[in-house]
Amino acid sequence: MTYPLFFKRLLILALLLNSPPIIAHILIPIGLEPALLIMSLAFWTNIPLQLGLGHLIVEPDIVYGEFSVMDTSFAVIMATVLFWVICAAILSLFSLYISNKYQLK
């Protein structure tokens, strides 16, 4: 396995998978809240919670709203970001395996 290529793919995928809150912090202060942004934030927070992260988090740490999580602690946000970084690492390893197997470069 080539580590520079793995870390490059990991960084790109981690930024892509964690882009909804990054984009939200840019667009919300200037007044742009399209429905797609709200839906992507809902998926970004709810997928980790539905896939097991919700069992590790105490309920008073999360305040649910109409679409998704409305208010949460820093630990919950970091756990969600870590979940998506782990997903990015798995996808990076899988893509390196496929590219090495079929010699795609």
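Further up the page is the structure itself.
As a starting point, this report considers the structure included with it. (Residues numbered from 1 in each chain as written. Predicted model: local features only at pLDDT ≥ 70, side-chain atom pairs only at ≥ 80, totals over all residues. Heavy atoms only, no water.)

Each helix and strand counted, the protein has 4 helices and 2 strands in total. Restricting the contact set of the protein to residue pairs at least 6 apart, pairs at least 24 apart contribute 62%. For the protein, the computed accessible surface area is about 7500 Å², with 74% contributed by carbon and sulfur atoms. (Helix = DSSP H or I, 4+ residues; strand = E, 2+ residues; numbered from the N terminus. Contact = heavy atoms within 4.5 Å. Areas by Shrake-Rupley, 256 points an atom, 1.4 Å probe, with all protein chains shown as cover.)

In this structure the tally under the stated criterion is 2 aromatic pairs. Where Phe 6 meets Phe 7, the ring centres are 5.3 Å apart and the plane angle is 65°; that geometry is what we call edge-to-face. Relative to Trp 84, the ring of Phe 83 lies with its centre 5.2 Å away and its plane at 80°, an arrangement referred to as edge-to-face. (Phe/Tyr/Trp six-rings, centres within 6.5 Å; stacked < 30°, edge-to-face > 60°.)

Of all hydrophobic cores here, the largest spans 5 residues; its members are Phe 6, Leu 10, Ala 14, Ala 88 and Leu 96. Elements with a minimum of two residues in this core: helix 1 (3-17) and helix 4 (74-102). Per-element tally for this core: the top contributor is helix 1, with 3 residues. (Core = buried A, V, L, I, M, F, W, Y, C linked by side-chain atoms within 4.5 Å. Buried < 20%, exposed > 50% of the residue type's maximum accessible area, 1.4 Å probe, protein only.)

Here helix 1 is 15 residues long and its end C-alpha atoms lie 20 Å apart, about the 21 Å a rise of 1.5 Å per residue gives. Taken together, the buried positions of helix 1 are occupied by Phe 6, Leu 10 and Ala 14. Angular distribution of buried residues about the axis of helix 1 spans 55°; they occupy a single face of the element. Turned more than 90 degrees away from the buried face of helix 1 sit Pro 4, Lys 8, Leu 11, Ile 12 and Leu 16, all of them exposed. Each element contacted by the buried residues of helix 1 is listed here: helix 4. (Expected span 1.5 Å × (residues − 1). Arc of directions from axis to C-beta.)

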